Each structure stands twice: as structure tokens, then as C-alpha cells.
Amino acid sequence: MAAAGTAGPAGNVFPFRDARATPDPVLDSGPVAHGPLPVPLVLDNGSFQARAGWACPGPNPGPEPRLQFRAVCARGRGGTRGGAGPQVGNALGSLEPLRWMLRSPFDRNVPVNLELQELLFDYSFQHLGVSSQGCVDHPIVLTEAVCNPLYSRQMMSELLFECYGIPKVAYGIDSLFSFYHNMPKNLISSGLVISSGYQCTHILPILEGRLDAKNCKRINLGGSQAAGYLQRLLQLKYPGHLAAITLSRMEEILHEHSYIAEDYVEELQKWQCPDYYENNVHKMQLPFSSKLLGSTLTAEEKQERRQQQLRRLQELNARRREEKLQLDQERLDRLLYVQELLEDGQMDQFHKALMELNMDSPEELQSYIHKLSSAVEQAKQKILQSEVTLDVDVVDSKPETPDLEPLEPSLEDVESINDFEPLFSEETPEVEKPVTTIQPVFNLAAYHQLFVGTERIRAPEIIFQPSLIGEEQAGIAETLQYILDRYPKGVQEMLVQNVFLTGGNMMYPGMKVRIEKELLEMRPFRSSFQVQLASNPVLDAWYGARDWVLDHLDDDEVWITRKEYEEKGGEYLKEHCASNIYVPIHLPKQASRSSEVQASGKGSGASGGSAGEQA
């Protein structure tokens, strides 16, 4: 993220990058196994982004995860881009055209839709080059949410063991993997982990290296709510750019232009100063076209356009004359046929044809034939003249009415002329005046700019003040105070000596200073505390899971095998330093089958006896 108050381009104008994801390459095969066990797979299953890679044993475990993609998918349809199959992660490219059909397997930070989760796994295994046929012969380390519901873990284990046939799996909390990755090796430490991601914010107390699950707290706010809040703020501020203010652009503003204020009220007062506002406002440039719709035309362009309009009108009249000539010719041929009946002496058929034509006498027939013959001859001459005039360029600058019918025009012709009246609304004067180019009264580039001022601190502030968006929740500071109050003073002193910040939503500039300020206000006078930010808040969870699996490759006490899954159920969990606490399901004891049969037999016998007595 960009540092707070840093100077950008000229005038603090920043263009939107609108970055598109590039499709991930499909690897032919994974790394060669070292030793007796195949190479483990490390999957950081996040609600915003999924990360997958190999944990290769040896001195060089490998770089960052091979795959990093958005944890969303879109069901394709026939005829759409990319074919009819589902598109996952980076294969989607830009998310905005498909925003309405994006689906995620997560409800907040818990996977609940296992069909979509299977699509994410398929994408990961395919692009990592897992070459196993019918199964995945690799141990898998999978991250899960804090206090993950047993049903979610049960469905996840069922998917991994039944669908993919993996040999064993281990579950861990992403923020705890990040915590132990940043701590010195082989050090049993206590502390407070503040993890803020895309959907939720968690505060986890760690006592002597283990999670104290009873005192974990969750705030249902994260980067998703901040992006939605920022979008509403800017749409209210710029109602003329509703379609251009997209969620993807809001996430870009949050990632690169927002920061956490050390003192929110004091920072707002600074923004009231015009000089401070001018120096710190970020002007986000929306894409626009510099071509004006109402641009003025020169005399030559007007003349050319007028000639084109005249040609179109002449062609339209010529086409209508041809159609009318064809109809008149057909009617004339019919009248001539009736006249031939009279000349041949077929009086019965002649009188019958006259009745059909609604005529009374042969003289009326002769009159109609004469009129139609002259009309047909005139129409043929006009068609010949119009063909000649179409080949001649129009020289006169003033449009003249084209040669139409000599008599009164029909209603269709009048309507066609009215259609073209807007094209000739501008009367050309006798003396053409020089045309001056009209300059726009405003700067188009400035009109398409979003001035992001106090919004830079208002959007990320919601995790400290959820009331800004109407949420009846406690912020980070209140929740932190509530958790500390549940411990004795000695334990409180131990916890605040190691406050650890991790998660993508902790990458705002000023976050660490703000947490230190909140702790300073709530801790006793002259007490000490220590706040540490993860070296890489986004990827340290994957790095920590990779380091953990390399240290526990042969440790059967942390892996859930297929045999244990079949014996103890999908919700079964083996605990370790970065895992949840396993709380088994206690089902009420059900009556045995034999006792149920006996009870039903007694009931039927009793009812039979009563029925016999009544009989």
C-alpha cells in the first residue's frame, strides 16, 4: 500500500490501473518426491485469495506459492467467453463484467458450498501439475477458520478423502501459522494475535504456545465491508459516475491510497484546512473519451454531409417511384386484359370483370387506361432523369428540393419528407460565415476525476468504529480490552508483550501506530507492551504452513489418516501448535434395536388385547 500523504503524479492525479489477472500456466508435473514420502501440498484457503504450492524438503524449500488466485468462480454458459465450463480464479480475467454471476464457497470465512470448493481444488491440482490418476497421492496441509464448525470440517474431510483419495491431511489456523512463522524457532511464546482479512477480524489469545479458544473473539468486518462502504461514499459524492465506481476500483483505492489515522477526529480536523486538503487529496482519473458529441463542423464538412443527405433522399424517392411504377404497370395490364375481352366479344366475362373493378361503363374503363398509361410513361421518364442526376455531383451549397411528383404528393411522400426535415433544419445563409471552433466550458479530464479525500481514512476506520456503517459491534480496541479483562493482571502483562498483527487488512499504513495508541490508552500508566507486524501479512500464513509441514513430515501425531477418518468421522481433528481445539460431538445415547422391538411388541399386544376385550 502507498504510504500516507506521499506525493503522486502532477497534481496528485492517479490513473486507475484496472489490472487484469493473467491465466495461470498448467504445469505438466509436480516436483520429484524427496525420500520415502511424496511432496506435501500446502493450501491456504482464504475467502479473498487462495494460495497453493509445494513444500519441498531440503535446504531450499522453494519460493513463494506457485498459485495465487481469487477464491471465486463463475459458471460459464454456452456462447460465453471461455466456453461452457466453469471459470475459476485468474481464468476470469477482469471480475467486473462477471460480478453478477460470481460465486464463492465461503459464508464469511467458513466454506459452506463444497461444490464450489471442489472447483477451487480442481483448479489448484490441475495447475500445480498433480499427475496422479484418480487420486491425489500427496499429504495436504489446509488452513481453516478459527473455531471452525465441525460440520464444515466434516464436509471438507469427506471431499478430500472420498473425492480425491488423499493419504492424510492436517488442519491449521492461517493466522497462527503466520504467528509461528514470525517467532523465533523452538520458542514457546504467548501473545495476542490480531488477524484481519477480507470478511472478518479475529483476536486470538495464545497461552504458552496454544490457542485459548474460549476467549477468542470475532468482528464481522474486514476488507469486503470497507470496499462496499467506500463505494457507497463515492457513488453518493459522484452520482454521474455510478457505473464507473466499481468494487474492483474501490479495492484498488483501499490497497494503494488509504491509510489508518492515528487519531481519527484530529485527522478529520486537518482535512478541513484547504491547504492540507489540496496537498493530500488523491484525484483518481476515470477513463474517458476526449471527443465531444456536439463538436462543430467546418463549412466543407457541412457541405459534404448535406450532399450525402441529398443523395440518400434522391435514392429513397427513386426506389419509391420504381415500386409505384411496378404497381401501376400491373394495374394497367389488368385493365388492358379487360379491354381485350370487350374487343373479342366476350360480353359476360367483360361485365363480370367491370363489376370486380367497380366500374360502370366501357368509357370509364377507357379513361382509367388513358390516365394510367400517361402516369406510367411519366414515371419511366423520371426514373431515367433521376439516374442521370445521381451521377452528377451537387455543386450548389444551398439544398434544393429534389424533383418529386408533379402533382400533389401522396401521404407517404409527405411523411418521408418530414423524416428528413431535421437534417435540413439549419438554413445555409447566402454568404457563408467563417466557423469558429467552440472550446468546451469545462475540462473533461477534471470532470472524470474522483477526489478521494477523507474517504482515504473513513473506509478503513470501520474496523475500529463499526458504527460508521451502522453495525452494532465492538471495534478492535473495545474487543481487545474485553479479552484482556478476562485474564489476571499477570497474564495481561504477558499477552501485551507480544501483540502480533497479520492478515491483508492489516497492511494499511499507520495500522501499527494506531494499535499502539489504543493499547497506550487502555493499559496502566508506565506499563510496557510490544506490537509486531508480520513481515508479509498476506503470504506469511502459507510460509508458516510450509515450514510447519517440513518440521512434521514424519510426525503421526498431527496427521489425520484415511483410516482415522473412517473410524472417527470427518470432524475429527488432531491438535498441534497452530490448530483449533478439538471438541468432539456428544450425541445422546439411543435405545438399542432389541429394546425398541420389545417396546413395540408390548404396545401392539396391549392394543390387540384391548381390541379383543371390546369385541
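Residues numbered from 1 in each chain as written. Predicted model: local features only at pLDDT ≥ 70, side-chain atom pairs only at ≥ 80, totals over all residues. Heavy atoms only, no water.

Looking at an unreviewed UniProt entry, one finds the protein named Actin-related protein 5, with Pteropus vampyrus as its source organism. According to the UniProt record, the Sequence similarities (unreviewed entry) comment for the protein is "Belongs to the actin family. ARP5 subfamily." (UniProt positions renumbered as here; feature names shortened; annotations may be inferred.)

Colleague: Explain the nonpolar core to me, please; I cannot follow it from the model alone.
Modeller: Buried together is how nonpolar side chains tend to be arranged in soluble globular proteins. Ile 194, Leu 450, Met 511 and Ile 515 are the most contacted members of the largest nonpolar core, which has 44 residues in total. If you list the elements that add at least two residues to this core, you get strand 12 (191–196), helix 4 (223–237), helix 5 (247–257), strand 17 (449–452), helix 14 (476–484), helix 15 (489–496), strand 18 (499–502) and helix 16 (511–522). Among all residues touching Leu 450, those that are not within four sequence positions of it are Phe 16, Leu 234, Tyr 238, His 241, Ile 245, His 282, Lys 283, Met 284 and Leu 286. Counting 37 residues, the second largest nonpolar core, distinct from the first, contains Leu 67, Cys 73, Val 88 and Val 169. (Core = buried A, V, L, I, M, F, W, Y, C linked by side-chain atoms within 4.5 Å. Buried < 20%, exposed > 50% of the residue type's maximum accessible area, 1.4 Å probe, protein only. Helix = DSSP H or I, 4+ residues; strand = E, 2+ residues; numbered from the N terminus. Contact = heavy atoms within 4.5 Å.)

Colleague: Explanation requested: the packing of helix 14 against helix 16 in the structure shown.
Modeller: A pair of packed helices is characterised by two quantities: the angle between their axes and the separation of those axes. Look at helix 14 against helix 16: their axes get within 10 Å of each other, and the N-to-C directions meet at 45°. It follows from the interaxial angle that helix 14 and helix 16 lie oblique. As for the relative orientation of helix 14 and helix 16, their crossing is right-handed in sense. For the pair helix 14 and helix 16, contact is made by Ile 476, Ala 477, Leu 480, Gln 481 and Leu 484 and by Ile 515, Glu 518, Leu 519 and Met 522, respectively. Looking at side-chain class alone, the contact of helix 14 with helix 16 contains seven nonpolar, one polar and one charged residues. (Axes fitted to C-alpha atoms, helices over the stretch in contact; angles between N-to-C directions. Parallel < 35°, antiparallel > 145°, perpendicular 65-115°, else oblique. Left-handed = near helix turned anticlockwise from the far one by under 90°. Nonpolar A, V, L, I, M, F, W, Y, C, P; charged D, E, K, R; others polar.)

Colleague: Help me understand the packing of aromatic side chains in this model?
Modeller: For the structure shown, the criterion picks out 14 aromatic pairs. With centroids separated by 5.2 Å and ring planes inclined at 75°, the aromatic side chains of Phe 179 and Tyr 180 adopt a geometry described as edge-to-face. Neither Phe 179 nor Tyr 180 differs from the other in exposure class; each is buried. Put simply, the rings of Phe 121, Phe 125 and Tyr 164 touch in pairs and so form one group of aromatic residues. For the cation-ring pair, Lys 168 lies above Trp 559, with the distance from its terminal atom to the ring centre recorded as 4.8 Å. If you follow Arg 249 out to its NZ or CZ, it ends over the ring of Phe 16, 5.4 Å from the centre. (Phe/Tyr/Trp six-rings, centres within 6.5 Å; stacked < 30°, edge-to-face > 60°. Lys NZ or Arg CZ within 6 Å of the ring centre and 35° of its normal.)

Colleague: Just checking my understanding: could you explain empty space enclosed by the protein for this structure?
Modeller: In this approach, a probe sized like a water molecule rolls over the atoms, and the result shows the empty space that is left. Summed over all chains, the structure comprises two cavities of 30 Å³ or more. Considering the residues around the largest cavity, the lining is formed by Leu 43, Asp 44, Asn 45, Ala 50, Arg 51, Ala 52, Phe 69, Gln 117, Leu 120, Phe 121 and Ser 124. Of all the secondary structure elements, the ones that give two or more residues to the lining of the largest cavity are strand 2 (41–45), strand 3 (49–54) and helix 1 (114–128). Of the residues forming the lining of the largest cavity, the biggest block, four residues, is contributed by helix 1. When its residues are assigned to classes, the lining of the largest cavity shows six nonpolar, three polar and two charged. (1 Å grid on protein atoms, 1.4 Å probe; cavity = no way out; pocket = protein on both sides within 12 Å on 5 of 7 lines; lining within 4 Å. Points joined across faces, edges and corners; volume = space filled by probe spheres on them.)

Colleague: Which parts of the structure should I look at to understand the UniProt feature "coiled-coil region" (unreviewed entry) in the protein?
Modeller: Under the UniProt annotation, "coiled-coil region" (unreviewed entry) lies at residues 299–333. Between the C-alpha atoms that bound residues 299–333 there is a distance of 51 Å. The span itself is 100% helix and 0% strand.

Colleague: What is the right way to look at the sheet that holds strand 7 (residues 102–103) in this model?
Modeller: Within a sheet, adjacent strands bond to each other through the backbone by hydrogen bonds, running parallel or antiparallel. Taken in spatial order, the three strands of this open sheet run 6-5-7, and their pairing is antiparallel. The open sheet has two free edges, formed respectively by strand 6 (87–88) and strand 7, since each of these has just one partner strand. Both strand 5 (residues 73–74) and strand 6 contribute to a ladder of two bridges, which runs antiparallel. Considered in strand 6, the bridge of Cys 73 is made with Val 88. (Pairing = 2+ DSSP bridges.)

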